Amino acid sequence: MPLAGEAWSPKCWTTREGCNPLAQTGRSKLQNQRAALNQQILKAMRMRTGAENLLKAATNQKVREQVRLELSFLNSDLQMLKEELEGLNISVGVYQNTEEAFTIPLIPLGLKETKDVDFSVALKACRTPSRNGAGVELLLSYFIQLGFVESRFFPPTRQMGILFTWYDSLTGVPVSQQNLLLEKASILFNIGALYTQIGTRCNRQTEAGLESTVDAFQRAAGVLNYLKETFTHTPSYDMSPAMLTVLVKMMLAQAQESAFEKVCLPGLQNEFFLLVKVAQEAAKVGEVYRQLHTAMNQEPVKENVPYSWASLACVKAHHYEALAHYFTATLLIDHQLKPGEDEDHQEKCLSQLYSHMPEGLTPLATLKNVHQRQLLGKSHLCRAITHHEESMREASLCKKLRNIEVLQEVLSAAHQRSQLKYTQLREDDDLLNLTDAPDIISKTEREVEIILPQFSKVTVRDFFQKLGPLSVFSANKRWTAPRSIHFTAEEGDLGFTLRGNSPVQVHFLDPYCSAAVAGTKEGDYIVSIQDVDCKWLTVSEVMKMLKSFGQNDIEMKVVSLLDATSSVHSKCATYSVGMQKTYSMICLGIDVDDKTDKTKKISKKLSFLSWSTNKNRQKSASTLCLPSVGVARPPVKKKLSSPFSLLNTDSSLY
């Protein structure tokens, strides 16, 4: 969006920072492949629907058999297309940091695809955001601008005939609605997805890069969680509360994993207390991935979570649990309690490592007994090897994961390290002497948490600011067409006072003054004077302008607010799709002079102070809205009404 003070033009949008529609990078090519697949899935679904309808209607047995055969082919093609889409969803290599790194890849979300909407060409920039902070700001600006557009042009009681289409990022199934809430929800989803792609491309070999990765995934979780709590009835499955809950868990798990990598980045010294800390940190990562894998295998999300995602969550759960047992084995085997060392501190750390010690063992006795330490350490190594083998087995069962070389290398290296350490200590009677190693209590010094989107930090200018303050000129209100009032100030007296602030209203109107006779009504909003826009002027500015004309003729345009019981004019705008008649600011701006019967007789002249406001008001000749009046005057800088009041926290997309 153009920032405050910028001139708006299509060019400023199509070339602004954060939008790169022409760059054929690996990510954009992947997104183009995803868009093409969405179209193929849509075509296949339409053909399947047609075949199913034909099967219901056909009575000829041969025709029915042929349709069944066609249906089987269509279902097979559709399944292959969905598997191909799943393959693109796990194409994590495209989004990863380009530096060669010996790290397990993270899972990014692909952006939701949409169709062109009959808005201005300038709004198309949101379809191709760049994968950086500028791209996030672009989508945030568009989301906030949608709040202004919704409040100004989309009445809550009527549909506007504009169809919004978005594709499910997981299934490729299109969703089309005339509700702007679908557009807003999908943009929020893409903001979260963009954060995940930013997180995966950070350099995880540096402390700053890992910090950026953690921050990006926390922000992704915050946006997706905000989407889940704000838009509660989304028709797209990838934005359903159940699926968003899983995605939030996945983002936080990956943030926790990156926090663990930051702890290990400087290198691990073979020191007792450090190994205790690292073991519990690894156990924490394994725990969150275990919870994520469990959530992915629950109904109703189980059928639509990519198999490769669930497999990778299981692989990481076993991998990090194995690391926790390996580090625990190392601190037990490689360290002995020596005279002069703080045995109380070591005893406390070891006791906090387990929920309970193995039967017959105590923390202090184990620390002092070399043989017990060796046996317990080898028990942990056995559990580590078991978890490593299970992680490698899970990875081998998924075709997508088998093709990720760096994942296979990391899993294999970790397994060999644990196997080598156990081989050096292995004894013939281990099977008889070793007991099951206890579970390790997870603990972290950095508990990752969601970071909510900070809309207030994004500066956005309402595209339609010239229409007037949004708090007054919105789709929730209906207005008469602007009426031209020609009057003069008699002996310097206008015959009315003003109230309000941007725009100002006529107040305390003398029914016999020149303005009243010309058609002014008490409560009218002044929108222009001598073709100068007044909708953003204050009371003092409007009064100063009126008095500057002296005894000269004044042309003033006013509009009146219509109540809910006002009569409907026959020349209102309608839609051929059967929508209700529309009386809002999108109607044609036609000036209609409200002719007043100047010969109307008044039986008794009332004094100005005692004149009743309960006078008969002439009905407007039109329900058309306020047009942009005359030569635009630079609006007074004024803080726009917050778009967050327009988000309808209880909104439904149905």
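These figures come from a predicted structure and were not determined experimentally.

> Tell me about the overall build of the chain, and name the residues and values.
Within the chain one finds 18 helices and 10 strands. By the burial criterion, 51% of the 654 residues in the chain qualify as buried. Counted over contacts in the chain with a minimum sequence separation of 6, partners at least 24 positions apart contribute 78%.

> Provide a residue-level description of unusual backbone geometry, including the pertinent values.
The peptide bond linking Glu299 to Pro300 adopts the cis configuration, its omega dihedral lying at 5 degrees. With respect to the helices, strands and loops of the structure, Pro300 is situated in the loop between helix H9 (272-296) and helix H10 (307-333). Residue Ser502 is joined to Pro503 through a cis peptide bond whose omega torsion reads 0 degrees. Here Pro503 shows up in the loop between strand E5 (497-499) and strand E6 (505-507).

> Just give me the short version of the pairing of strand E9 (residues 554-559), but keep the residues and values in it.
Counting buried positions over the six residues of E9 gives five, a clear majority of the element. The pairing of strand E4 (residues 483-487) with E9 spans five bridges and is classified as antiparallel. Note that in E9 the partner of Phe487 across the bridge is Ile554. Pairing analysis gives four bridges linking strand E7 (residues 525-529) to E9, with the strands arranged antiparallel. Looking at the pairing, Ile529 lines up with Met556 of E9.

> Give a detailed account of the packing of aromatic side chains, specifying residues and quantitative values.
Two numbers describe a pair of aromatic rings. These are the distance of the centres and the angle of the planes. Counted by the stated rule, this structure contains 11 aromatic pairs. Here the aromatic rings of Tyr289 and Tyr320 are separated by 6.5 Å at their centres, their planes lie at 10 degrees, and the arrangement is stacked. Of the two residues, Tyr289 is situated in helix H9 and Tyr320 in helix H10; the sequence distance between them amounts to 31 residues. We note that Tyr289, like Tyr320, is buried.

> Could you give an account of the side chain of Thr328, naming the residues involved and the relevant values?
Mapped onto the fold, Thr328 is located in helix H10. A residue is classified by how much of its surface remains accessible, and Thr328, at 0% relative accessible area, is buried. Not counting the four nearest positions on each side in its chain, Thr328 is found in contact with Ala279, Leu353, Tyr354, His380 and Ile440.

> I'd love a proper account of helix H11 (residues 343-353), names of residues and values included.
Taken together, the buried positions of H11 are Gln346, Cys349, Leu350 and Leu353. Summarising the axial view, the buried residues of H11 lie within an arc of 95 degrees, below the 170-degree limit, and thus occupy one face. Where the residues of H11 are buried, they touch H9, H10 and helix H12 (363-368).

> Go over the side chain of Asp238, please, and point to the residues and values.
Positionally, Asp238 belongs in the loop between helix H7 (207-230) and helix H8 (241-264). Classification of Asp238 as buried rests on a relative accessible area of 0%.

> An account of the packing of H7 against H8 is needed here, citing residue identities and associated values.
Where H7 contacts H8, the two axes come as close as 8 Å, and the packing angle between them is 165 degrees. Here H8 runs roughly antiparallel to H7, going by the angle between their axes. Regarding H7 and H8, the two cross each other, and that crossing is left-handed. Here the contact of H7 with H8 is built from residues that sort into 15 nonpolar, six polar and five charged.

> Tell me about the pairing of strand E1 (residues 164-167), and please be specific about residues and values.
Here E1 shows a buried face lined by Phe164 and Trp166 and a second buried face lined by Thr165 and Tyr167. In textbook terms, the turn of a hairpin is the stretch between consecutive antiparallel strands, and for E1 and strand E2 (residues 174-177) this stretch comprises six residues, one of which, Gly172, has a positive phi near 80 degrees.

> Describe in detail the environment of Tyr525, supporting the description with residues and values.
Residue position: Tyr525 is located in strand E7. In this structure Tyr525 comes out as buried when scored by relative accessible area, which is 11%. Sequence separation between Tyr525 and Ser560 is 35 residues; the distance between their C-alpha atoms is 6.4 Å. Apart from residues lying up to four places away in sequence, Tyr525 is in contact with Val472, Trp479, Pro503, Val504, Gln505, Lys557, Val558 and Val559.

> Before we move on, could you go through the packing of H9 against H11 and cite the residues and values that matter?
Running from amino to carboxyl end, H9 crosses H11 at an angle of 15 degrees, the nearest separation of the two axes being 11 Å. Taken together, H9 and H11 sit at an angle that is classed as roughly parallel. H11 is crossed by H9, and the crossing has left-handed handedness. Contact residues: H9 offers Phe272, Phe273, Val276 and Gln280, while H11 offers His345, Gln346, Cys349, Gln352 and Leu353. Residue classes in the contact of H9 with H11 are distributed as five nonpolar, four polar and no charged.

Basis of the calculations
Residues numbered from 1 in each chain as written. Predicted model: local features only at pLDDT ≥ 70, side-chain atom pairs only at ≥ 80, totals over all residues. Heavy atoms only, no water. Helix = DSSP H or I, 4+ residues; strand = E, 2+ residues; numbered from the N terminus. Buried < 20%, exposed > 50% of the residue type's maximum accessible area, 1.4 Å probe, protein only. Contact = heavy atoms within 4.5 Å. Pairing = 2+ DSSP bridges. Phe/Tyr/Trp six-rings, centres within 6.5 Å; stacked < 30°, edge-to-face > 60°. Arc of directions from axis to C-beta. Axes fitted to C-alpha atoms, helices over the stretch in contact; angles between N-to-C directions. Parallel < 35°, antiparallel > 145°, perpendicular 65-115°, else oblique. Left-handed = near helix turned anticlockwise from the far one by under 90°. Nonpolar A, V, L, I, M, F, W, Y, C, P; charged D, E, K, R; others polar.

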